[in-house]
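Here are the chains, one letter per residue:
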Amino acid sequence: MSARPTLIFDFDSTLVDFETLEALADIALADAPGAAETRAQIAALTDQAMAGELEFGEALRRRLALLPLTRAHVAALAHTASDHLTASVRRNLNFFQQNKGKVVILSGGFREVIAPVAEELGVSPDRILCNDVVYDADDHVIGVDDANPLSHANGKPAAIHALNLSGRVVMIGDGWNDAEVKIAGAADAFYAFTEVVRRAPVVQVADAEAASLDEVLHAEGLVGRWSFPRSRMKMLLLENIHPAAVERLEEAGYSVETQKGALDEDDLIAAIKGVHVLGIRSKTTVSRRVLEEADRLMAVAAFCIGTNQIDLDAASDHGVAVFNAPYSNTRSVVELAIGLMIVLMRDVADKSAAMHVGKWNKSATGSKELRGKTLGIVGYGAIGSQLSVLAENLGMRVLFYDLSERLALGNARRMRSLDALLGESDVVTLHVDGRKDNANIFGAAQFARMKEGALFLNLSRGHVVDVGALSQAMGSGRVAGAAVDVFPEEPRTNADPFESPLQGLPNMILTPHIGGSTEEAQEAIAEFAAERLLGYLNRGDTTFSVNLPNVQLAEVSGTHRILHIHRNQPGVLAELNRALASAGLNILGQHLKTDERTGYVITDVDRDYDPEALRELKTLPGTLKFRTLQ
Ligand SMILES: NC(=O)C1=CN([C@@H]2O[C@H](COP(=O)(O)OP(=O)(O)OC[C@H]3O[C@@H](n4cnc5c(N)ncnc54)[C@H](O)[C@@H]3O)[C@@H](O)[C@H]2O)C=CC1
Ligand SMILES: O=C(O)C(=O)COP(=O)(O)O
């Protein structure tokens, strides 16, 4: 393998997310009169210097003259400096630890502030080239050591030349004085680092722009040429996903785009090009066609419970991992169901609507308590079973029907058939999943088997119920009231119109698919689904994936991880291991898990190999996806 380059890092706005003199101004001026003005003057001088409009030494002296700085102020900034590592630097602490001898910090900033950060990164003091603050007898800052070239124009190239480095030298920084290192011939390449601040003139003269350290490491082949830099991984989140997800994913270094509404198939096909991760909720259909057209897609996250909107088989066939948040909005649906039952029992919705048009209708006729009534729960999964517990606590008797064997909670009674449940229930509520086979499982025949005057709720999926039959059952009085939260056709955005045969019926409560729409649930979903995505992207962990074999994995540390998703067909593992052996790889650990459709092999190998040798893995018969992690 070729020799590793020496990486020279600027400090301010590169290794850390602050500019030293601005941060010192904040500390020293605090709320002093005129502080804002002085801060602005300092920031303007920093910008002028960093854009190459003002000579660096001059800018430093002018900024120091504006500030009444003391040793205590400098110490205060030094104390917190390492809490301010740039996000991509923090993500790559391992890189610094493993490449100590190949890193230099080069800065016009102050040694006392840089030293603790260098220590955190494992960079030794002799590899810090920077200014030394000079104090007077009373500990006031009076300037910087004038004999140091870094306190003058073109100080950075001079300091690097003096090191007499051999091999490739790479400069990384945000400012004009960093660009000068390459311009003056002291570095072979200059990356304009734009994670904290982007200065157009600096970017213009750079060999490349790097929005994160990952990009530099990737471009320089330092973390394996095949580990894609996170900031170039595009995530598209549709349907108004909670900002907590965006924050978490961006903090982890990924680029995230959001859109408020859902997209139809054609628009999604157009939008999905170049997207590595798609985030959706219940309204976006991810069809086989969409998955076929996706050129970069690695994962889809349903930021909800249901995954019936995603063609899971097609996702597996393309090696795309699908995740959801199976428990984060369970309680929200249950609470809404309880509330709706009470409101239906008392005809509250119609009575309230009447009052809004001036009608006072005080009457007990037909109004009932929940206590003592029989609740029939169809689908006794996470939602159905939690509803069972709360309903019993309200004094209801609970029956349930489920296709699978489920543990009956409390005194709930399992019914052998749906018909048996319908014949005994005062309230019937649907909590089945949205699988295709469940289309219209509730139609005229089922409504006919319900008790006369019973209530009906659907908070599961719209296509499960024949809404025409429900409307008729309401008309005939068989069903005395109903609450429906989900519909066969739902508008894609809040701006689109809604139409249904259920509109205008008495004691019919219609809600716009808000069962899981609480602030608590949306935030919890965002956090849960984002963590699943990060676990998959960063470690290859498929825990909670709804379509790939679940493998729980620890962080990659000191090894390279090779992830191979393939069609479950005989001989793939043998072929894979043959290819790894012929690439001369030392296998440190290996997991294989399969389901009837797909196989997932994770192989941790020694870092010392030629990545080119892995090309063959991409072409092994049955390969669906292949990637490496370092
Ligand atoms: N209205 C809303 O905003 C929300 C709606 N949902 C819907 O609720 C559904 C259920 O959620 P969970 O309880 O978390 O899912 P789950 O998967 O834990 O439970 C579903 C249960 O239904 C059973 N089932 C499926 N088909 C059946 C059938 N035909 N007859 C009897 N039992 C059947 C399954 O065996 C399973 O026990 C989700 O799949 C989703 O479609 C979920 C969250 C929010
Ligand atoms: O969690 C589910 O399955 C839901 O139905 C909630 O869907 P939503 O995220 O509100 O589009």
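Residues numbered from 1 in each chain as written. Chains lettered and ligands numbered in written order. Predicted model: local features only at pLDDT ≥ 70, side-chain atom pairs only at ≥ 80, totals over all residues.

- In the nomenclature of an unreviewed UniProt entry, the protein is known as D-3-phosphoglycerate dehydrogenase of Brevundimonas intermedia.
- Of the comments in the UniProt record for the protein, the one headed Function (unreviewed entry) reads "Catalyzes the reversible oxidation of 3-phospho-D-glycerate to 3-phosphonooxypyruvate, the first step of the phosphorylated L-serine biosynthesis pathway. Also catalyzes the reversible oxidation of 2-hydroxyglutarate to 2-oxoglutarate."
- The record in UniProt for the protein states the following under Pathway (unreviewed entry): "Amino-acid biosynthesis; L-serine biosynthesis; L-serine from 3-phospho-D-glycerate: step 1/3." (UniProt positions renumbered as here; feature names shortened; annotations may be inferred.)

## Considerations on the overall build of the protein
Part 1 of the reasoning: Helix and strand counts for the protein stand at 25 helices and 24 strands.
Part 2 of the reasoning: For the protein, buried positions account for 43% of its 630 residues. (Helix = DSSP H or I, 4+ residues; strand = E, 2+ residues; numbered from the N terminus. Buried ≥ 20, exposed ≤ 12 C-beta atoms within 10 Å, placed from the backbone.)

## Remarks on unusual backbone geometry
Part 1 of the reasoning: Residues other than glycine seldom take positive phi values, yet Asn154 does so here, at roughly 55°.
Part 2 of the reasoning: Non-glycine residue Glu239 carries a positive phi angle of around 65°.
Part 3 of the reasoning: Counting through the fold element by element, Glu239 comes out in the loop between β9 (234-237) and α13 (243-251).
Part 4 of the reasoning: With 21 C-beta atoms counted inside 10 Å, the residue Glu239 sits in the buried group.

## Concerning the sheet that holds strand β19 (residues 479-484)
Sheet strands pair by backbone hydrogen bonding; their relative direction is either parallel or antiparallel.
Part 1 of the reasoning: Here we have seven strands laid out as an open sheet, ordered β16-β15-β14-β17-β18-β19-β20, and parallel in their pairing. Since the sheet does not close on itself, it has two edges, and those belong to β16 (413-414) and β20 (508-510), each with one partner.
Part 2 of the reasoning: Pairing of strand β14 (residues 374-378) with strand β15 (residues 397-401) involves five bridges; the strand directions are parallel. Opposite Val378, over in β15, you have Tyr401 as the bridge partner.
Part 3 of the reasoning: Running at roughly 165° to β15, helix α19 (residues 382-393) makes contact with β14, β15 and β17 (427-430) of the sheet. (Pairing = 2+ DSSP bridges. Contact = placed C-beta atoms within 7 Å. Axes fitted to C-alpha atoms, helices over the stretch in contact; angles between N-to-C directions.)

## Some thoughts on the environment of Ala581
Part 1 of the reasoning: Structurally, Ala581 is set in helix α24 (residues 572-582).
Part 2 of the reasoning: For Ala581, a count of 11 C-beta atoms within 10 Å translates into the label exposed.
Part 3 of the reasoning: Taking C-alpha positions, Ala581 is 44 Å from Ser13, a pair spaced 568 residues apart along the chain.

## Things to note about the site of ligand 1
Part 1 of the reasoning: Gly306, Gly379, Gly381, Ile383 and Gly515 are the nearest of the 32 residues found near ligand 1.
Part 2 of the reasoning: At the level of secondary structure, the elements contributing two or more residues to the shell around ligand 1 comprise α17 (330-345) and α19.
Part 3 of the reasoning: Its residues placed into classes, the shell around ligand 1 shows 13 nonpolar, 14 polar and five charged.
Part 4 of the reasoning: When we break the shell around ligand 1 down by domain, the ones giving at least three residues each are domain 2 (228-329 + 518-548) and domain 3 (330-510). (Near = placed C-beta within 6 Å. Nonpolar A, V, L, I, M, F, W, Y, C, P; charged D, E, K, R; others polar. Domains from an automatic or database assignment.)

## Points about the environment of Ala40
Part 1 of the reasoning: Among the secondary structure elements, Ala40 is positioned in helix α3 (residues 35-50).
Part 2 of the reasoning: Spatially, the C-alpha atom of Ala40 lies 21 Å from that of Asn177, the residues being 137 residues apart in sequence.

## As for the domain arrangement of the protein
By a widely used convention, the size of an interface equals the accessible area lost when the partners come together.
Part 1 of the reasoning: Per the domain assignment, the segments making up the protein are domain 1 (6-219), domain 2 (228-329 + 518-548), domain 3 (330-510) and domain 4 (549-630).
Part 2 of the reasoning: Relative to domain 4, the C-alpha centre of domain 3 lies at a distance of 49 Å.

## Thoughts on the pairing of β9
Part 1 of the reasoning: Where β9 lies against strand β10 (residues 255-258), four bridges are found, and the strand directions are parallel. In the strand pairing of β10, Lys234 is matched with Ser255.
Part 2 of the reasoning: Handedness of the β-α-β unit built from β9, α13 and β10 comes out right-handed.
Part 3 of the reasoning: In the sheet, β9 pairs with strand β11 (residues 277-280) via three bridges, with the strands oriented parallel. Along β11, the bridge assignment pairs Met235 with Val277. (Right-handed = clockwise from strand over helix to strand, strands pointing away.)

## Re the sheet that holds strand β13 (residues 321-323)
Part 1 of the reasoning: Reading across the sheet, the five strands line up as β10-β9-β11-β12-β13 and stay open at both edges, with parallel pairing between neighbours. A strand with exactly one partner marks an edge of an open sheet, and here the two such strands are β10 and β13. On average, each strand axis in the sheet is tilted by 15° relative to the strand beside it, whichever way the strands run.
Part 2 of the reasoning: The strands touched by α13 are β9, β10 and β11; relative to β10, the strand with the most contacts, the crossing angle is about 160°.
Part 3 of the reasoning: Of the strands in this sheet, β11, β12 (299-302) and β13 touch helix α23 (residues 519-539), which is tilted by about 165° from β12.

## Overview of the nonpolar core
Part 1 of the reasoning: Counting residues in each nonpolar core, the largest one holds 66 residues, and the members touching the most others are Ala299, Val300, Phe303, Ala529 and Leu533.
Part 2 of the reasoning: Of all the elements, α23 adds the most residues to this core, at ten residues.
Part 3 of the reasoning: No fewer than three residues from each of domain 2 (228-329 + 518-548) and domain 4 (549-630) sit in this core.
Part 4 of the reasoning: If sequence neighbours within four positions are ignored, Ala529 has contacts with Ala245, Ala301, Phe303, Phe323 and Ala325. (Core = buried A, V, L, I, M, F, W, Y, C linked by C-beta atoms within 7 Å.)

## Here we look at the packing of helix α2 (residues 20-29) against helix α5 (residues 71-81)
Relative orientation and spacing of two packed helices are given, respectively, by the angle between their axes and the distance between those axes.
Part 1 of the reasoning: Axis separation between α2 and α5 bottoms out at 9 Å; the angle between their running directions is 115°. Judged by the sense of rotation from one axis to the other, the crossing of α2 with α5 is right-handed. Taken together, the residues of α5 that come into contact with α2 (itself represented by Thr20, Ala23, Leu24, Ile27 and Ala28) are His73, Val74, Ala76 and Leu77.
Part 2 of the reasoning: In terms of residue class, the contact of α2 with α5 is made up of seven nonpolar, two polar and no charged. (Left-handed = near helix turned anticlockwise from the far one by under 90°.)

## Focus: the pairing of strand β1 (residues 6-9)
Part 1 of the reasoning: Burial along β1 is two-sided: the residues Thr6 and Ile8 and Leu7 and Phe9 are all buried.
Part 2 of the reasoning: For β1 and strand β6 (residues 169-173), the ladder comprises four bridges, and the chain directions are parallel. Bridge assignment links Thr6 to a residue of β6, and that residue is Val169.
Part 3 of the reasoning: Looking at chain direction, β1 and strand β2 (residues 103-110) are connected through three bridges and run parallel. Bridging from a neighbouring strand, Phe9 pairs with Ile105 of β2.

## A look at α19
Part 1 of the reasoning: Between its first and last C-alpha, α19 extends 17 Å over twelve residues, near the 16 Å set by a 1.5 Å rise per residue.
Part 2 of the reasoning: Lining the buried residues of α19 we find α17, β14, β15 and β17.
Part 3 of the reasoning: Just past α19, the residue Gly395 takes up positive phi, approximately 95°. (Expected span 1.5 Å × (residues − 1).)

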